[in-house]
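In case you want the letters, here they are:
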Amino acid sequence: MTSPIDAELAALAEDFDLIGDWEEQISYVIDLGRELSPLTEAEHSEANKVRGCASQVWLVSGREGDALTFRGDSDAHIVRGLIAILLKFYSGRTPADILAFDAKAAFKRLGLDGTLSTQRSNGLASMVERIRRDAAEAL
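This one's a predicted model, so the numbers in the text were calculated from it and none came from an experiment.

Draft legend 1. View of the pattern of salt bridges. According to the stated counting rule, one finds 9 salt bridges in the structure shown. For Asp134, the salt bridge identified is with Arg130, shortest N-O distance 3.8 Å. Placement of the pair is Asp134 and Arg130 together in helix H6 (residues 118–138), with a separation of 4 residues, close to one helical turn. For Arg130, a relative accessible area of 9% gives the class buried. Between Arg133 and Asp134 there is a salt bridge, with its nearest N and O atoms 4.0 Å apart. Salt bridges linked by common partners bring Arg130, Arg133, Asp134 and Glu137 together as one network.

Quick look at the structure:
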(Lines give C-alpha, C1' and ligand atoms only; values in the text may rest on other atoms or scores of the structure.)
Protein backbone atom coordinates (compact mmCIF):
# COMPACT_ATOMS: atom_id res chain seq x y z
CA MET A 1 0.00 0.00 0.00
CA THR A 2 1.31 3.44 -0.94
CA SER A 3 1.66 5.97 1.88
CA PRO A 4 0.12 9.44 1.41
CA ILE A 5 3.63 10.93 1.25
CA ASP A 6 4.68 8.46 -1.45
CA ALA A 7 1.50 9.27 -3.40
CA GLU A 8 2.32 12.98 -3.15
CA LEU A 9 5.87 12.29 -4.37
CA ALA A 10 4.56 10.23 -7.29
CA ALA A 11 2.19 13.03 -8.34
CA LEU A 12 4.93 15.67 -8.11
CA ALA A 13 7.40 13.43 -9.94
CA GLU A 14 4.89 13.00 -12.75
CA ASP A 15 4.58 16.79 -13.02
CA PHE A 16 8.35 17.22 -13.08
CA ASP A 17 8.76 14.44 -15.66
CA LEU A 18 6.20 16.12 -17.92
CA ILE A 19 7.95 19.49 -17.61
CA GLY A 20 11.35 17.99 -18.37
CA ASP A 21 13.52 21.09 -18.87
CA TRP A 22 15.27 22.18 -15.66
CA GLU A 23 14.59 25.89 -16.23
CA GLU A 24 10.87 25.17 -16.55
CA GLN A 25 11.08 22.93 -13.48
CA ILE A 26 12.56 25.79 -11.44
CA SER A 27 9.80 28.07 -12.75
CA TYR A 28 7.27 25.46 -11.57
CA VAL A 29 8.96 25.36 -8.14
CA ILE A 30 8.65 29.16 -7.92
CA ASP A 31 4.96 28.91 -8.88
CA LEU A 32 4.40 26.37 -6.08
CA GLY A 33 5.92 28.87 -3.65
CA ARG A 34 3.46 31.53 -4.74
CA GLU A 35 0.64 29.28 -3.51
CA LEU A 36 1.87 29.29 0.10
CA SER A 37 -0.40 30.92 2.66
CA PRO A 38 1.35 33.98 4.07
CA LEU A 39 2.72 33.96 7.59
CA THR A 40 1.75 36.72 9.96
CA GLU A 41 4.27 39.36 10.96
CA ALA A 42 4.49 37.71 14.41
CA GLU A 43 5.26 34.32 12.79
CA HIS A 44 8.28 35.86 11.05
CA SER A 45 10.06 35.57 14.39
CA GLU A 46 13.50 34.43 15.49
CA ALA A 47 11.89 31.38 17.14
CA ASN A 48 10.49 30.23 13.77
CA LYS A 49 13.64 31.03 11.78
CA VAL A 50 15.47 28.04 10.29
CA ARG A 51 19.21 28.16 10.91
CA GLY A 52 21.60 27.04 8.19
CA CYS A 53 19.78 28.68 5.27
CA ALA A 54 21.42 31.38 3.19
CA SER A 55 17.98 32.93 2.65
CA GLN A 56 15.62 33.97 5.40
CA VAL A 57 13.38 30.95 6.13
CA TRP A 58 10.64 30.57 8.72
CA LEU A 59 8.78 27.37 9.58
CA VAL A 60 5.77 27.27 11.87
CA SER A 61 4.67 23.90 13.19
CA GLY A 62 1.39 22.93 14.81
CA ARG A 63 -0.64 19.90 15.63
CA GLU A 64 -4.03 18.63 14.46
CA GLY A 65 -4.87 15.40 16.26
CA ASP A 66 -2.11 12.91 15.57
CA ALA A 67 -0.75 14.91 12.64
CA LEU A 68 1.78 17.72 12.53
CA THR A 69 1.10 20.73 10.34
CA PHE A 70 3.68 23.07 8.88
CA ARG A 71 3.55 26.48 7.28
CA GLY A 72 6.51 28.37 5.95
CA ASP A 73 7.90 31.37 4.17
CA SER A 74 11.15 32.68 2.71
CA ASP A 75 12.45 35.90 1.23
CA ALA A 76 13.71 33.94 -1.82
CA HIS A 77 11.32 32.73 -4.54
CA ILE A 78 12.99 29.38 -5.23
CA VAL A 79 13.28 28.65 -1.51
CA ARG A 80 9.56 29.42 -1.05
CA GLY A 81 8.92 26.81 -3.74
CA LEU A 82 11.12 24.28 -1.97
CA ILE A 83 9.17 24.98 1.23
CA ALA A 84 5.92 24.35 -0.69
CA ILE A 85 7.25 20.96 -1.82
CA LEU A 86 8.32 20.06 1.72
CA LEU A 87 4.87 21.02 3.01
CA LYS A 88 3.26 18.74 0.41
CA PHE A 89 5.34 15.89 1.79
CA TYR A 90 5.22 16.62 5.51
CA SER A 91 2.29 18.80 6.57
CA GLY A 92 -0.70 16.84 7.86
CA ARG A 93 1.36 13.69 8.47
CA THR A 94 2.05 11.76 11.65
CA PRO A 95 5.45 12.09 13.30
CA ALA A 96 6.21 8.45 12.43
CA ASP A 97 5.41 9.03 8.73
CA ILE A 98 7.57 12.17 8.73
CA LEU A 99 10.52 10.36 10.26
CA ALA A 100 10.16 7.41 7.85
CA PHE A 101 10.26 9.60 4.72
CA ASP A 102 13.56 10.21 2.90
CA ALA A 103 13.39 13.78 1.58
CA LYS A 104 16.84 13.55 0.00
CA ALA A 105 15.73 10.58 -2.11
CA ALA A 106 12.50 12.42 -2.96
CA PHE A 107 14.33 15.48 -4.29
CA LYS A 108 16.58 13.15 -6.26
CA ARG A 109 13.47 11.48 -7.73
CA LEU A 110 12.17 14.93 -8.72
CA GLY A 111 15.50 15.67 -10.39
CA LEU A 112 16.10 18.71 -8.20
CA ASP A 113 19.16 17.37 -6.41
CA GLY A 114 21.44 18.25 -9.32
CA THR A 115 19.87 21.64 -10.11
CA LEU A 116 20.13 23.23 -6.66
CA SER A 117 23.21 25.16 -5.63
CA THR A 118 25.21 23.87 -2.67
CA GLN A 119 23.83 26.70 -0.52
CA ARG A 120 20.22 25.85 -1.44
CA SER A 121 20.87 22.12 -0.88
CA ASN A 122 22.29 22.89 2.56
CA GLY A 123 19.32 25.13 3.35
CA LEU A 124 16.93 22.42 2.22
CA ALA A 125 18.69 19.94 4.50
CA SER A 126 18.32 22.42 7.38
CA MET A 127 14.58 22.72 6.73
CA VAL A 128 14.16 18.93 6.63
CA GLU A 129 16.22 18.59 9.80
CA ARG A 130 13.96 21.12 11.56
CA ILE A 131 10.79 19.27 10.44
CA ARG A 132 12.25 15.91 11.53
CA ARG A 133 13.27 17.39 14.90
CA ASP A 134 9.71 18.66 15.44
CA ALA A 135 8.40 15.19 14.53
CA ALA A 136 10.84 13.45 16.89
CA GLU A 137 9.82 15.80 19.73
CA ALA A 138 6.15 15.07 19.03
CA LEU A 139 6.58 11.29 19.41
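Draft legend 2. Structural context of the packing of helix H1 (residues 4–19) against helix H5 (residues 103–110). For the pair H1 and H5, interaxial distance at closest approach is 9 Å and the crossing angle is 30°. One element, H1, and the other, H5, form an angle in the roughly parallel class. Every residue of H5 that contacts H1 at Leu9, Leu12, Ala13, Phe16 and Asp17 is listed here: Ala106, Arg109 and Leu110. Among the residues forming the contact of H1 with H5, the class breakdown is 6 nonpolar, no polar and 2 charged.

Draft legend 3. Quick peek at the environment of Cys53. By the element assignment, Cys53 lies in the loop between helix H2 (22–34) and strand E1 (57–64). Taking the C-alpha atoms as reference points, Cys53 and Ala103, separated by 50 residues in sequence, lie 17 Å from one another. Ignoring sequence-local partners within four residues, the contact set of Cys53 consists of Gly123, Ser126 and Met127.

Draft legend 4. Layout of the packing of H1 against helix H3 (residues 77–90). Interaxial distance between H1 and H3 falls to 8 Å at its minimum, and their mutual angle equals 145°. Touching Ile5, Glu8, Leu9, Leu12 and Phe16 of H1 are Ile85, Lys88 and Phe89, all from H3. Across the contact of H1 with H3, the residue classes tally to 6 nonpolar, no polar and 2 charged.

Each value, and the rule that gives it
- Residues numbered from 1 in each chain as written.
- Predicted model: local features only at pLDDT ≥ 70, side-chain atom pairs only at ≥ 80, totals over all residues.
- Heavy atoms only, no water.
- Salt bridge = Lys/Arg side-chain N within 4 Å of Asp/Glu carboxyl O.
- Helix = DSSP H or I, 4+ residues; strand = E, 2+ residues; numbered from the N terminus.
- Buried < 20%, exposed > 50% of the residue type's maximum accessible area, 1.4 Å probe, protein only.
- Axes fitted to C-alpha atoms, helices over the stretch in contact; angles between N-to-C directions.
- Parallel < 35°, antiparallel > 145°, perpendicular 65-115°, else oblique.
- Contact = heavy atoms within 4.5 Å.
- Nonpolar A, V, L, I, M, F, W, Y, C, P; charged D, E, K, R; others polar.

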